[in-house]
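The chain contents come next:
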Amino acid sequence: MEDKVKLERRLLRAASRAVRDFDLIVEGDRILVAVSGGKDSYTLLHVLMRLRERAPVSFELVAVNLDQGQPGFPAHVLEEHFRSIGVPYRMLKKDTYTIVKRLVPEGKTTCPVCSRLRRGILYNAAVEMGCTKIALGHHRDDLIETLLLSALYSGALKSMPARLRSDDGRNVVIRPLCYAAEEDIAAFAAAMRFPVVPCDLCGSQPNLRRRRVKELIATLSGEHPAVKGNLLNALGKVVPMHLLDRDLIARLGEAKGPDPWLDGKAAEEETGCELPGEPIVALDAGRRRAGS
Ligand code: SF4
(Lines give C-alpha, C1' and ligand atoms only; values in the text may rest on other atoms or scores of the structure.)
Protein backbone atom coordinates (compact mmCIF):
# COMPACT_ATOMS: atom_id res chain seq x y z
CA MET A 1 0.00 0.00 0.00
CA GLU A 2 1.14 3.50 -0.84
CA ASP A 3 2.73 5.58 1.87
CA LYS A 4 0.19 7.45 4.06
CA VAL A 5 2.23 10.66 3.87
CA LYS A 6 2.29 10.63 0.07
CA LEU A 7 -1.44 9.96 -0.10
CA GLU A 8 -2.14 12.79 2.33
CA ARG A 9 0.06 15.16 0.34
CA ARG A 10 -1.79 14.28 -2.86
CA LEU A 11 -5.19 14.75 -1.22
CA LEU A 12 -4.15 18.09 0.29
CA ARG A 13 -2.88 19.26 -3.09
CA ALA A 14 -6.14 18.28 -4.79
CA ALA A 15 -8.22 20.01 -2.11
CA SER A 16 -6.09 23.18 -2.10
CA ARG A 17 -6.48 23.42 -5.85
CA ALA A 18 -10.25 23.06 -5.60
CA VAL A 19 -10.40 25.68 -2.82
CA ARG A 20 -8.41 28.11 -4.97
CA ASP A 21 -10.18 27.36 -8.26
CA PHE A 22 -13.66 27.83 -6.84
CA ASP A 23 -13.08 30.17 -3.87
CA LEU A 24 -14.49 27.53 -1.57
CA ILE A 25 -13.25 28.98 1.72
CA VAL A 26 -12.97 32.63 2.71
CA GLU A 27 -11.95 34.49 5.85
CA GLY A 28 -14.40 33.96 8.72
CA ASP A 29 -16.19 30.95 7.25
CA ARG A 30 -17.78 28.54 9.68
CA ILE A 31 -18.04 25.24 7.85
CA LEU A 32 -20.36 22.41 8.72
CA VAL A 33 -18.55 19.24 7.68
CA ALA A 34 -21.08 16.49 7.06
CA VAL A 35 -19.59 13.24 8.35
CA SER A 36 -21.68 10.16 7.61
CA GLY A 37 -19.14 7.61 8.81
CA GLY A 38 -17.99 6.67 5.30
CA LYS A 39 -14.40 6.82 4.04
CA ASP A 40 -15.05 9.98 2.00
CA SER A 41 -16.42 12.13 4.79
CA TYR A 42 -13.77 11.04 7.32
CA THR A 43 -11.12 11.95 4.76
CA LEU A 44 -12.82 15.26 4.02
CA LEU A 45 -12.77 16.18 7.71
CA HIS A 46 -9.12 15.23 8.02
CA VAL A 47 -8.14 17.20 4.90
CA LEU A 48 -10.03 20.32 6.01
CA MET A 49 -8.44 20.17 9.48
CA ARG A 50 -4.99 19.96 7.88
CA LEU A 51 -5.75 22.78 5.43
CA ARG A 52 -6.93 24.93 8.32
CA GLU A 53 -3.50 24.67 9.96
CA ARG A 54 -1.79 26.20 6.95
CA ALA A 55 -4.51 28.31 5.31
CA PRO A 56 -3.90 32.02 4.68
CA VAL A 57 -7.42 32.73 6.00
CA SER A 58 -8.93 31.71 9.31
CA PHE A 59 -12.07 29.60 9.36
CA GLU A 60 -13.90 27.27 11.73
CA LEU A 61 -14.96 23.66 11.29
CA VAL A 62 -17.84 21.83 12.95
CA ALA A 63 -18.19 18.12 12.26
CA VAL A 64 -21.82 17.05 12.11
CA ASN A 65 -23.18 13.54 12.04
CA LEU A 66 -26.82 12.77 11.41
CA ASP A 67 -28.14 9.51 12.81
CA GLN A 68 -31.05 8.73 10.49
CA GLY A 69 -32.36 5.88 12.61
CA GLN A 70 -31.01 2.95 10.57
CA PRO A 71 -31.12 -0.15 12.77
CA GLY A 72 -27.83 -0.58 14.59
CA PHE A 73 -26.31 2.75 13.48
CA PRO A 74 -23.32 3.17 15.83
CA ALA A 75 -23.42 6.95 16.41
CA HIS A 76 -21.07 6.50 19.38
CA VAL A 77 -18.29 5.42 16.98
CA LEU A 78 -18.41 8.78 15.23
CA GLU A 79 -18.68 10.71 18.48
CA GLU A 80 -15.60 8.93 19.83
CA HIS A 81 -13.73 9.73 16.62
CA PHE A 82 -14.62 13.44 16.79
CA ARG A 83 -13.50 13.55 20.43
CA SER A 84 -10.26 11.76 19.68
CA ILE A 85 -9.25 14.23 16.96
CA GLY A 86 -10.40 17.25 18.96
CA VAL A 87 -12.80 18.76 16.44
CA PRO A 88 -15.89 20.68 17.56
CA TYR A 89 -18.87 18.52 16.68
CA ARG A 90 -22.60 18.11 16.86
CA MET A 91 -24.54 14.83 16.83
CA LEU A 92 -28.00 15.06 15.25
CA LYS A 93 -30.69 12.40 15.32
CA LYS A 94 -33.76 12.24 13.12
CA ASP A 95 -35.55 9.05 12.15
CA THR A 96 -35.78 9.38 8.38
CA TYR A 97 -35.36 5.62 8.06
CA THR A 98 -39.04 5.03 8.95
CA ILE A 99 -40.17 7.74 6.53
CA VAL A 100 -38.03 6.30 3.72
CA LYS A 101 -39.35 2.78 4.31
CA ARG A 102 -42.90 4.14 4.18
CA LEU A 103 -42.40 6.21 1.03
CA VAL A 104 -40.30 3.91 -1.13
CA PRO A 105 -41.92 0.75 -2.55
CA GLU A 106 -40.28 -2.54 -1.56
CA GLY A 107 -37.40 -3.48 -3.85
CA LYS A 108 -36.73 0.08 -5.05
CA THR A 109 -33.54 1.92 -4.13
CA THR A 110 -34.08 4.15 -1.13
CA CYS A 111 -30.98 6.35 -1.49
CA PRO A 112 -32.48 9.26 -3.48
CA VAL A 113 -35.27 9.87 -0.92
CA CYS A 114 -32.95 9.20 2.02
CA SER A 115 -30.33 11.65 0.81
CA ARG A 116 -32.91 14.33 -0.01
CA LEU A 117 -34.25 14.14 3.55
CA ARG A 118 -30.69 14.18 4.93
CA ARG A 119 -29.84 17.23 2.86
CA GLY A 120 -32.89 19.13 4.17
CA ILE A 121 -31.95 18.38 7.78
CA LEU A 122 -28.32 19.39 7.25
CA TYR A 123 -29.33 22.60 5.48
CA ASN A 124 -31.56 23.58 8.44
CA ALA A 125 -28.87 22.61 10.95
CA ALA A 126 -26.31 24.77 9.15
CA VAL A 127 -28.58 27.82 9.39
CA GLU A 128 -29.33 27.15 13.08
CA MET A 129 -25.63 26.73 13.85
CA GLY A 130 -24.64 29.89 11.98
CA CYS A 131 -22.56 27.95 9.45
CA THR A 132 -21.72 29.78 6.23
CA LYS A 133 -20.95 26.64 4.23
CA ILE A 134 -21.68 22.90 4.22
CA ALA A 135 -18.79 20.69 3.09
CA LEU A 136 -19.62 17.35 1.46
CA GLY A 137 -17.22 14.51 0.70
CA HIS A 138 -17.99 13.92 -3.00
CA HIS A 139 -14.87 13.19 -5.02
CA ARG A 140 -13.70 12.98 -8.64
CA ASP A 141 -15.27 9.57 -9.22
CA ASP A 142 -18.66 10.75 -7.90
CA LEU A 143 -18.51 13.69 -10.29
CA ILE A 144 -17.65 11.71 -13.39
CA GLU A 145 -20.12 8.91 -12.61
CA THR A 146 -22.85 11.51 -12.11
CA LEU A 147 -21.94 13.14 -15.41
CA LEU A 148 -22.39 9.86 -17.31
CA LEU A 149 -25.47 8.84 -15.32
CA SER A 150 -27.10 12.14 -16.09
CA ALA A 151 -26.22 12.03 -19.80
CA LEU A 152 -27.20 8.37 -20.22
CA TYR A 153 -30.34 8.19 -18.14
CA SER A 154 -31.65 11.76 -17.74
CA GLY A 155 -30.58 13.33 -21.02
CA ALA A 156 -28.86 16.29 -19.37
CA LEU A 157 -25.21 17.21 -19.33
CA LYS A 158 -24.53 17.98 -15.69
CA SER A 159 -22.71 16.78 -12.61
CA MET A 160 -21.98 17.93 -9.05
CA PRO A 161 -20.58 21.45 -8.77
CA ALA A 162 -17.65 22.29 -6.53
CA ARG A 163 -19.70 25.08 -5.03
CA LEU A 164 -23.43 25.60 -5.11
CA ARG A 165 -25.86 28.00 -3.48
CA SER A 166 -29.09 26.23 -2.55
CA ASP A 167 -32.28 27.21 -4.41
CA ASP A 168 -33.61 29.19 -1.44
CA GLY A 169 -30.28 31.01 -1.12
CA ARG A 170 -29.79 30.05 2.54
CA ASN A 171 -26.90 27.60 2.14
CA VAL A 172 -23.70 27.23 0.19
CA VAL A 173 -22.53 23.67 -0.42
CA ILE A 174 -18.86 23.05 -1.16
CA ARG A 175 -17.03 19.92 -2.36
CA PRO A 176 -13.34 20.36 -1.56
CA LEU A 177 -12.54 16.78 -2.65
CA CYS A 178 -13.95 17.25 -6.16
CA TYR A 179 -10.50 16.73 -7.74
CA ALA A 180 -9.47 13.86 -5.44
CA ALA A 181 -9.42 10.28 -6.75
CA GLU A 182 -11.58 7.76 -4.95
CA GLU A 183 -8.76 5.22 -4.86
CA ASP A 184 -6.55 7.71 -2.99
CA ILE A 185 -9.33 8.41 -0.51
CA ALA A 186 -10.00 4.70 0.03
CA ALA A 187 -6.29 3.94 0.52
CA PHE A 188 -5.86 6.90 2.87
CA ALA A 189 -8.94 6.03 4.95
CA ALA A 190 -7.65 2.45 5.30
CA ALA A 191 -4.15 3.65 6.21
CA MET A 192 -5.58 6.01 8.82
CA ARG A 193 -7.86 3.26 10.17
CA PHE A 194 -10.87 5.55 10.16
CA PRO A 195 -13.75 3.75 11.89
CA VAL A 196 -15.84 3.40 8.76
CA VAL A 197 -19.53 2.69 9.25
CA PRO A 198 -21.29 1.02 6.30
CA CYS A 199 -24.07 3.06 4.70
CA ASP A 200 -26.24 0.05 3.86
CA LEU A 201 -27.35 -0.75 7.39
CA CYS A 202 -30.76 0.30 6.11
CA GLY A 203 -30.81 -2.69 3.73
CA SER A 204 -31.19 -0.46 0.68
CA GLN A 205 -31.04 -2.07 -2.76
CA PRO A 206 -27.83 -1.18 -4.55
CA ASN A 207 -28.17 1.51 -7.20
CA LEU A 208 -27.71 -0.68 -10.28
CA ARG A 209 -27.31 2.15 -12.76
CA ARG A 210 -24.55 3.79 -10.75
CA ARG A 211 -22.85 0.45 -10.29
CA ARG A 212 -22.94 -0.25 -14.04
CA VAL A 213 -21.56 3.20 -14.85
CA LYS A 214 -18.81 2.64 -12.29
CA GLU A 215 -17.97 -0.69 -13.91
CA LEU A 216 -17.98 0.88 -17.38
CA ILE A 217 -15.56 3.60 -16.27
CA ALA A 218 -13.37 0.98 -14.56
CA THR A 219 -13.26 -1.14 -17.74
CA LEU A 220 -12.38 1.85 -19.92
CA SER A 221 -9.77 3.00 -17.39
CA GLY A 222 -8.22 -0.45 -17.58
CA GLU A 223 -7.79 0.07 -21.33
CA HIS A 224 -6.66 3.68 -21.03
CA PRO A 225 -5.52 5.04 -17.65
CA ALA A 226 -6.27 8.65 -18.58
CA VAL A 227 -10.02 8.05 -18.91
CA LYS A 228 -11.01 9.22 -15.41
CA GLY A 229 -8.79 12.28 -15.53
CA ASN A 230 -10.06 13.13 -19.00
CA LEU A 231 -13.67 12.92 -17.89
CA LEU A 232 -12.91 15.25 -14.99
CA ASN A 233 -11.08 17.64 -17.32
CA ALA A 234 -14.06 17.55 -19.66
CA LEU A 235 -16.16 19.03 -16.86
CA GLY A 236 -13.83 22.01 -16.76
CA LYS A 237 -13.45 22.37 -20.50
CA VAL A 238 -16.92 22.82 -21.91
CA VAL A 239 -17.17 24.01 -25.51
CA PRO A 240 -20.75 25.34 -25.62
CA MET A 241 -20.69 26.14 -29.33
CA HIS A 242 -20.11 22.45 -30.05
CA LEU A 243 -23.19 21.44 -28.11
CA LEU A 244 -26.88 21.81 -28.93
CA ASP A 245 -28.06 23.92 -25.99
CA ARG A 246 -29.75 26.80 -27.78
CA ASP A 247 -30.48 28.71 -24.56
CA LEU A 248 -26.84 28.58 -23.59
CA ILE A 249 -25.72 29.69 -27.04
CA ALA A 250 -28.20 32.55 -26.93
CA ARG A 251 -26.99 33.52 -23.46
CA LEU A 252 -23.45 33.64 -24.75
CA GLY A 253 -24.63 36.21 -27.25
CA GLU A 254 -23.73 34.20 -30.33
CA ALA A 255 -27.31 34.00 -31.55
CA LYS A 256 -27.76 37.77 -31.29
CA GLY A 257 -25.54 38.69 -34.22
CA PRO A 258 -26.79 39.05 -37.78
CA ASP A 259 -28.04 35.80 -39.25
CA PRO A 260 -25.86 34.84 -42.25
CA TRP A 261 -28.78 32.98 -43.81
CA LEU A 262 -30.82 36.14 -43.99
CA ASP A 263 -28.19 38.74 -44.77
CA GLY A 264 -25.63 38.14 -47.49
CA LYS A 265 -23.35 40.93 -46.30
CA ALA A 266 -23.30 39.56 -42.79
CA ALA A 267 -22.61 36.11 -44.19
CA GLU A 268 -19.57 37.41 -46.03
CA GLU A 269 -18.26 38.95 -42.83
CA GLU A 270 -19.10 35.89 -40.84
CA THR A 271 -17.65 33.29 -43.18
CA GLY A 272 -14.94 35.35 -44.81
CA CYS A 273 -16.08 34.25 -48.29
CA GLU A 274 -17.84 36.28 -50.89
CA LEU A 275 -21.38 35.25 -51.68
CA PRO A 276 -22.41 35.63 -55.30
CA GLY A 277 -25.21 37.94 -56.31
CA GLU A 278 -27.81 39.49 -54.12
CA PRO A 279 -28.27 38.75 -50.45
CA ILE A 280 -30.06 35.48 -49.80
CA VAL A 281 -33.08 37.24 -48.36
CA ALA A 282 -33.58 39.21 -51.61
CA LEU A 283 -33.17 36.08 -53.75
CA ASP A 284 -35.70 34.32 -51.59
CA ALA A 285 -38.11 37.27 -51.80
CA GLY A 286 -37.62 37.37 -55.57
CA ARG A 287 -38.35 33.68 -55.85
CA ARG A 288 -41.44 34.12 -53.78
CA ARG A 289 -42.52 37.01 -56.00
CA ALA A 290 -41.81 34.99 -59.14
CA GLY A 291 -43.79 32.06 -57.79
CA SER A 292 -46.73 34.18 -56.66
S1 SF4 B 1 -27.66 3.17 1.69
FE2 SF4 B 1 -29.37 3.54 3.08
S3 SF4 B 1 -28.64 5.05 4.56
FE4 SF4 B 1 -27.22 5.08 2.82
S5 SF4 B 1 -28.03 6.72 1.49
FE6 SF4 B 1 -28.91 4.79 0.78
S7 SF4 B 1 -30.86 4.68 1.83
FE8 SF4 B 1 -29.65 6.16 2.93
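Cut-offs and rules
- Residues numbered from 1 in each chain as written.
- Predicted model: local features only at pLDDT ≥ 70, side-chain atom pairs only at ≥ 80, totals over all residues.
- Heavy atoms only, no water.
- Helix = DSSP H or I, 4+ residues; strand = E, 2+ residues; numbered from the N terminus.
- Buried < 20%, exposed > 50% of the residue type's maximum accessible area, 1.4 Å probe, protein only.
- Contact = heavy atoms within 4.5 Å.
- Areas by Shrake-Rupley, 256 points an atom, 1.4 Å probe, with all protein chains shown as cover.
- Pairing = 2+ DSSP bridges.
- Axes fitted to C-alpha atoms, helices over the stretch in contact; angles between N-to-C directions.
- Near = heavy atom within 4 Å.
- Nonpolar A, V, L, I, M, F, W, Y, C, P; charged D, E, K, R; others polar.

A. Structural detail: the overall build of the protein. Within the protein, the regular secondary structure consists of twelve helices and six strands. By the burial criterion, 38% of the 292 residues in the protein qualify as buried. Look at the contacts in the protein between residues 6 or more apart in sequence, and 74% of them connect residues 24 or more apart. Surface exposure of the protein reaches about 17,500 Å², of which carbon and sulfur atoms provide 54%.

B. Up close: the sheet that holds strand 3 (residues 89-93). The six strands are arranged 3-2-1-4-6-5 in an open sheet whose pairing can be described as mixed. A single partner strand is all that each edge strand has here, and the edge strands are strand 3 and strand 5 (163-165). In this sheet, adjacent strand axes meet at a mean angle of 25° when their direction is disregarded. Pairing between strand 4 (residues 133-135) and strand 6 (residues 172-174): two bridges, direction parallel.

C. Spotlight on the site of the ligand. As a structural note, the neighbourhood of the ligand is formed by Gln70, Thr110, Cys111, Cys114, Arg118, Cys199, Cys202 and Ser204. The class makeup of the residues in the shell around the ligand is four nonpolar, three polar and one charged.

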